[in-house]
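# Overview (structure and organization)
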Amino acid sequence: MAEEKKKLDKLCHLIDNIIIEHKNVQVPNKDVAKCPQKQTVQKNLPKSTPQTPPPVNSVNSAGKSREEIELERKARKQAKKVKKKGGDGNEDSKQQQTGKGKTEDKEGQEETSKPKKTVKVDKTEKDVKKETNKPNKTVKVDKVKPAPTPATSVPGKKEENKKKTPKEPAQEKQQQTQGSEVGGDAADGATGGKSKAELKRERREKQEAQRLAKMAAKTKAVEEKQPKKKVETHADKKSSTVEKKKKSLGDAGKSGKEKSGDKKPTKRRIPLLGHLTQPALQAPPAPVNSEIIHPAVRTLGIKMKDRVIDGSTARVISTLVALKKLINDYQTPESCDLSRDLAEKLAPNVEYLNACRPQAVAMDNAIRFLKHKVNSIAPNMPEGQAKDELRTAIEEYIKENITLASSTIASHAASLMQPNDVILTFGYSGLVCEMVEAACKDGNIVNVVVADSPQPPSGLAMVQRLAGLQVPTYYRLITDITNVMDKVTKVVVEAEAVMMNGAIQGLCGTTSLALAAATHHKPFIVLCHTYKFCNNDLTDSIVVNELGDADKVVWGPKGSNAGLLAGWQETRNLNVVSLVYDVTPASLVTVLVTEQSVLPTSAVPVIIRRNYADVLGQD
Amino acid sequence: MAPPSKQDFINKLRLEKFESEQSKAEESLALLEHIVANASWQTGSELLTLLRNVDIEVSAKLPWETTPRNMVQRALKIVVDEYSSCRGGVSDMNTSGHPSFPQVTMVDPTGGVELPKCDQALPDLRDRVLEALAEYRAELEQSDELIAVQGESKIHNDEVILTFDWCGLVLAFLTRAAKRRHFHVIVAEGAPTYQGHRMAASLSRVGIQTTLIQDCAVFPMMSRVNKVIIGTHTVLSNGGIKTDLGAAALASAAKFYSVPLYVCTPTYKFSRISGEEVNHCGSGSAIIPTNTPLPSSVNVAVSRFDYVPPENVTSFITNNRGIAPSYVYRHLTELYDPAAYHV
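Here we summarise the structure given alongside this text.

Conventions used here
Residues numbered from 1 in each chain as written. Chains lettered and ligands numbered in written order. Predicted model: local features only at pLDDT ≥ 70, side-chain atom pairs only at ≥ 80, totals over all residues. Heavy atoms only, no water. Buried < 20%, exposed > 50% of the residue type's maximum accessible area, 1.4 Å probe, protein only. Helix = DSSP H or I, 4+ residues; strand = E, 2+ residues; numbered from the N terminus. Pairing = 2+ DSSP bridges. Axes fitted to C-alpha atoms, helices over the stretch in contact; angles between N-to-C directions. Parallel < 35°, antiparallel > 145°, perpendicular 65-115°, else oblique. Left-handed = near helix turned anticlockwise from the far one by under 90°. Contact = heavy atoms within 4.5 Å. 1 Å grid on protein atoms, 1.4 Å probe; cavity = no way out; pocket = protein on both sides within 12 Å on 5 of 7 lines; lining within 4 Å. Points joined across faces, edges and corners; volume = space filled by probe spheres on them. Patch = residues over 30% accessible without salt bridge, like charges linked within 9 Å, V, L, I, M, F, W, Y side chains within 5 Å. Areas by Shrake-Rupley, 256 points an atom, 1.4 Å probe, with all protein chains shown as cover. Salt bridge = Lys/Arg side-chain N within 4 Å of Asp/Glu carboxyl O. Lys, Arg positive; Asp, Glu negative; His and termini not counted. Charge placed at Lys NZ, Arg CZ, Asp CG, Glu CD. Phe/Tyr/Trp six-rings, centres within 6.5 Å; stacked < 30°, edge-to-face > 60°. Lys NZ or Arg CZ within 6 Å of the ring centre and 35° of its normal. Buried area = accessible area lost by both parts, 1.4 Å probe. Polar contact = N/O pair within 3.5 Å; in protein donor to acceptor, adjacent residues only side chain to side chain. Nonpolar A, V, L, I, M, F, W, Y, C, P; charged D, E, K, R; others polar.

Moving on, we get to the pairing of strand 9 (residues 581–584) of chain A. Residues and elements named next belong to chain A. Every second residue of strand 9 is oriented toward a common face, with Tyr581 and Val583 on one face and Asp582 and Thr584 on the other, all of them buried. Here strand 6 (residues 504–507) runs beside strand 9; their pairing, made up of four bridges, is antiparallel. Note on strand 9: the bridge partner recorded for isoleucine 504 is threonine 584.

Given below as structure tokens:
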């Protein structure tokens, strides 16, 4: 009977201690990290002792050994559980300690009037003293069974996990209210009822805590939706959590801006150009050793996105080379047709390149050619032979349509030149350089005026190359060409693509040259490889185009006008647009120089039908 | 404030310290008023000579600065008019009061034209001239407002308007129109000065839907534009304009797509010079990015002005009314005295 009584007493004490545990005083971190449970247990004791001094003491003296063993066992269990939770457990307990410390303090402040509270204040002092002691003593002194405490501390931790928001006061309040709640109950249970005012206050605090918890949960949900949410799991970094979350919310850093930049164009419509996609600021995600996207393709995509590889010819050659690598590394899986499977494997790679930077017409044509070639491989052809065939097809395509064609075009065009011609050209153009070279070899020294747009200044590279050829070179802005047109004899430009109706797609700015040439009655000569002819018929530059990096336009100017429009993405009324291509109507083009011969623009559909009908097809 | 002096004024012009043509006009008028009020002269002819000296000096040092020269011409006209009305309206005018046809059309190309003879010393000439100049000053200050008011009658709802570079008048024009109309404005940035950025910023601040484009994109966008409205530096006597770089390309594109081109200009920009002969080149360093050195054999230069021929301009929006380019010559006779022009 006595033993049963003692057990009952123990249970009562356990319950008390469980409740009181939540109101524990702050404990130094190191100690907590090492043996959280022991410290909580340690704290429990001092609190319980003043509250119910006689039974505790008696129990202490009587059942030490068995309790001691049980306590130790349960302490070990607790320690294991804490280890499993790892950092969480530490933080939680730390939070518990800190929160409880604050609650304890607040409680102490609140309840100074009543004697129990003064006792509690004493408790805190004692707690502090006890905490400074080493944990060695705790085992012997411990009475409280740690078994229930994990259960209660776990929900406590969970609650704290849930409420782990940057609002420190909220947490404090919550724990305070928890504590006060608990404390109220404990006080009720232990001392037999507080005054009504106290109860009311505690109820109000509970409600306040619940309301704050709700708000905290809401903000947490909102933050989880934020693009860059860092889940902070360290309690001692509470303040830094606040700072970091503020930073991620309000940061104008690239990642945040990209996200907002990505969202904004879909929400706001640039007048007339809303259908054009904004330039990709980040390459679409693809792991480095992806099975779908070949690493060569991935590298190429990033280079194209960053404009390291620019200009249709360069892009075509590099695309074909990358796809050649893909074909090299490709192995037909069993029971699969090479042609069909390879076509399927090619598709996502092509899409990836497209997503990095919208495909140029020339690239499109080259890839169509490749697909056509892949489709035409006989099903029973051995893999090695098929791959060889594809490889040689690619190499021949590049050789015929680009390398040899370029030199033919150059010689055709050079034959149009006369000594002391002044040629106006736009931006960087490999073909025009080759033409000038060929003309110099023929003995016709030509002067070249390079017109250039400020962003991107591709003409600088052109000027350097021409100066290397010992050709008199002039460099002017695109806005300045009317002042030069008197002296110019011919305008020569390279095209990015030629449309079926004879319209020329070139880099943005070629039409200004075309118009100036027409106004001043000078011939406008366009150089173009035939593989760039396409079946589209464009009449203006707005329907099909590519948007360039608008920020380069904003930061382009030197001096006081640089960056005036830096906040344009946030300004509702303001748009900054940088077009990459423009379309020159066929009426402004005098003559088209291709590797076939020097043609009028009306000959374009004839060439398409003759040479590229199977590739370009009937789309 | 120190009394305005010719030298100070010319230095200020040279160092490009004026923020706009309007301020140049106002300050040159102040200078002229000062000369009329304080310089020692007895007869009208002496005054005319004094005033014309300003013109000669400015044109010697800064021939492209037409605004001060136009102000001088206007002042000369005012003096001649006041003189003749003082004397009782006896002059070599037609009975109808307009200058005779030969006077209008024939300007002596050799220059050094003789000023009209105003030899009589009239006591109240000074006061009357000052009064007339004060009236002219009031007109000058109102010209912004008078031009802006015409905005509503030129723009309809949902229009797309193209403009280029910074012009305070065009800004006022569009701002005023935006109060009653809703339209989009596309601004070409205007390399190498890039004043278009400033214009776009100001327009968007006023609440107008603005898009900034590069100069090379003017032709592509022109197909969707309803009107082009620009400002200018000078209006030439043939009806063409001389303005910042890029306007010629803009005007050609507008002509190609048959888009009307309006030029907002106050009367003091109307000049008697005829051609585009005065154009000078600035330093090429403005257009080369700072970190890319070009080989020294390359010739780099930037012109200051662009010439737009009269056939590309639809109409001039001025203080009083719209003027067609073909009618500019007639307007000039109202502004300036045909005989007083110094080439």
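That shown, we press on.
All names here are of chain B. Taken N-terminus to C-terminus, the directions of helix 7 (residues 168–178) and helix 8 (residues 195–206) make an angle of 20°; their axes are 10 Å apart at the nearest point. Relative to helix 8, helix 7 is oriented roughly parallel. Between helix 7 and helix 8 lies a crossing whose hand is right-handed. In this structure, helix 7 contributes Val170, Leu171, Leu174 and Thr175 to the contact, and helix 8 contributes Met199, Ser202, Leu203 and Val206.

All names here are of chain B. Taken as a whole, the second largest pocket encloses approximately 1400 Å³ of empty space. Around the second largest pocket, the lining is made up of 47 residues, and of these Glu19, Thr193, Gln195, Asp244 and Arg304 lie nearest the centre. Where the lining of the second largest pocket is concerned, the elements lending two or more residues are helix 1 (6–14), helix 2 (21–38), helix 7, helix 8, strand 8 (281–282) and strand 10 (302–303).

Before going further, it helps to examine unusual backbone geometry. Glutamine 455 of chain A connects to proline 456 of chain A through a cis peptide bond whose omega is 0°. With respect to the helices and strands, the residue proline 456 of chain A is situated in the loop between strand 2 (447–452) and helix 20 (459–468). Omega for the peptide link from alanine 191 of chain B to proline 192 of chain B comes to -5°, which places this bond in the cis form. For proline 192 of chain B, the location among the structural elements is in the loop between strand 2 (184–188) and helix 8. At asparagine 420 of chain A, a residue that is not glycine, the phi angle is positive and equals roughly 65°. Structurally, asparagine 420 of chain A can be placed in the loop between helix 18 (383–414) and strand 1 (422–426).

On to a negative patch on the surface, then. The grouping of Asp124, Asp127, Glu131, Glu135 and Glu139 of chain B at the surface amounts to a negative patch. For glutamate 139 of chain B, the location among the structural elements is in helix 6 (residues 125–149).

Residue and element names in this part refer to chain B. In the structure shown here, the tally under the stated rule is seven aromatic pairs over all chains. Relative to phenylalanine 256, the ring of phenylalanine 219 has its centre 5.3 Å away and its plane inclined at 50°; by these criteria the two rings are tilted. Taken together, the positions of phenylalanine 219 in helix 9 (residues 218–222) and phenylalanine 256 in helix 10 (residues 247–256) put the pair 37 residues apart, joining distant regions of the chain. The class for phenylalanine 219 is buried, based on a relative accessible area of 2%. Judged by its relative accessible area of 32%, phenylalanine 256 is partly exposed. It is arginine 198 that lies over the ring of tryptophan 166; its NZ or CZ is 3.9 Å from the centre. Over the face of the ring belonging to phenylalanine 305 we find lysine 242, whose NZ or CZ atom lies 4.7 Å from the ring centre.

In many reports, interface size means the accessible area that the parts give up when they come together. In this assembly, 52 residues from chain A lie in contact with 56 residues from chain B. Where chain A abuts chain B, roughly 4400 Å² becomes buried across the two surfaces, and 63% of that area is made up of carbon and sulfur atoms. Ranking the residues of chain A by area buried against chain B places Thr479, Lys558 and Asn573 of chain A at the top, with a combined share of 14%. A salt bridge links aspartate 540 of chain A to arginine 224 of chain B, with the shortest nitrogen-to-oxygen separation between them at 2.3 Å. If you look at where chain A meets chain B, you find 15 residue pairs in polar contact (both at pLDDT 80 or more). Mapped by element, the contributors of at least two residues to the side of chain A that touches chain B are helix 20, strand 3 (473–477), helix 21 (481–484), helix 22 (510–519), helix 23 (550–555), strand 8 (574–576) and strand 9 of chain A. Looking at the side of chain A that touches chain B, its residues break down into 28 nonpolar, 18 polar and six charged. Relative to strand 9 (residues 299–300) of chain B, strand 3 of chain A runs parallel, the two being bridged by two bridges. When the bridges of strand 9 of chain B are listed, tyrosine 475 of chain A appears paired with valine 300 of chain B.

Moving on, we get to the pattern of salt bridges. Residue and element names in this part refer to chain A. The tally for this structure, following the rule as stated, stands at 30 salt bridges over all chains. One salt bridge connects arginine 357 with aspartate 310, and the closest N-O pair in it is separated by 3.0 Å. A residue pair is termed long-range when its members are at least 10 positions apart, and arginine 357 in the loop between helix 16 (338–356) and helix 17 (361–375) and aspartate 310 in the loop between helix 14 (295–305) and helix 15 (312–329) qualify at 47 residues. Residue classification places arginine 357 among the buried positions, given a relative accessible area of 4%. Among the charged side chains, a salt-bridge network with shared partners connects Arg307, Asp310, Arg357 and Glu546.

A word on the environment of valine 149 of chain B. Here valine 149 of chain B shows up in helix 6. Separated by 23 residues in sequence, valine 149 of chain B and alanine 172 of chain B have C-alpha atoms that sit 8.8 Å apart.

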